[in-house]
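# Secondary and tertiary structure notes
Below, each chain spelled out in residue letters.
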Amino acid sequence: MKKKTRTGYEQSGPTPMREMFADVYAAKQWGTQWRLFRLLRQWPEVVGAEVARLTAPAFFRRETLWIFVQDSAWMHHLQYVKTDLIARINRHLEGEPVTDLRWQLSPPPQPQPEHRSPDPRAIDPEREQSFCQMTEAIANRESREALQRLWRLFAAHDE
């Protein structure tokens, strides 16, 4: 008869939730994302209103912070104030300091898909009459008519 091997869970018992959360937090690199989120919220205070209007922190790669910049002229200008920006950023960051900044042009805005309503369908007169009869008990005429208009709108697009 073959002996069953036991998994780590069966050998050591249940793992406390506090240990599991810490492992998941580290594995998913949520600390880095949280750090970027906090920096993004403080960005105007960190770099000044004018620079913040044209830039945004993009992501961390090791000790380097990549920054989205609106155009190449600003990339060139920011290169001259890089040392000052690094000092300002590190004053606001918790954890390991940033040692370098890199620039990347901001991605163009994504086009929004056009939302088109499906063509309305003919409403079955019997269904409409049935609904109108149900709503006759509503005393307020404006409310009743508004409900009937809403029903017609949905019924015309019902599949």
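Summarised in this report is the structure supplied together with it. These numbers were taken from a predicted model, which means no experiment stands behind them.

This part covers empty space enclosed by the protein. Enumeration according to the criterion identifies one cavity of 30 Å³ or more in this entry. What the largest cavity holds in volume is close to 30 Å³. In terms of lining, the largest cavity is formed by Trp43, Val47, Val51, Thr55, Ile67, Leu78, Leu85 and Trp103. Class assignment for the residues of the lining of the largest cavity results in seven nonpolar, one polar and no charged.

As a further point, take the environment of valine 51. Position of valine 51 among the secondary structure elements: in helix H4 (residues 49–54). Apart from residues lying up to four places away in sequence, valine 51 is in contact with Trp74 and Leu78.

Okay, helix H6 (residues 82–92) next. Buried within H6 we find Lys82, Leu85, Ile86 and Ile89. One side of H6 carries all its buried residues, which in axial view fall inside an arc of 100 degrees. Within H6, the exposed residues directed more than 90 degrees away from the buried face are Thr83 and Arg91.

Taken together, the side chains of Leu147, Leu150, Leu153 and Phe154 define a hydrophobic patch exposed on the protein surface, amounting to about 390 Å² of accessible area. In this fold, leucine 150 is placed in helix H8 (residues 141–157).

Here we come to unusual backbone geometry. A positive phi angle is found at arginine 62, which is not glycine, with a value near 55 degrees. Relative to the helices and strands, arginine 62 is located in the loop between strand S1 (55–61) and strand S2 (64–69).

Thresholds, definitions, all that
Residues numbered from 1 in each chain as written. Predicted model: local features only at pLDDT ≥ 70, side-chain atom pairs only at ≥ 80, totals over all residues. Heavy atoms only, no water. 1 Å grid on protein atoms, 1.4 Å probe; cavity = no way out; pocket = protein on both sides within 12 Å on 5 of 7 lines; lining within 4 Å. Points joined across faces, edges and corners; volume = space filled by probe spheres on them. Nonpolar A, V, L, I, M, F, W, Y, C, P; charged D, E, K, R; others polar. Helix = DSSP H or I, 4+ residues; strand = E, 2+ residues; numbered from the N terminus. Contact = heavy atoms within 4.5 Å. Buried < 20%, exposed > 50% of the residue type's maximum accessible area, 1.4 Å probe, protein only. Arc of directions from axis to C-beta. Patch = residues over 30% accessible without salt bridge, like charges linked within 9 Å, V, L, I, M, F, W, Y side chains within 5 Å. Areas by Shrake-Rupley, 256 points an atom, 1.4 Å probe, with all protein chains shown as cover. Salt bridge = Lys/Arg side-chain N within 4 Å of Asp/Glu carboxyl O.

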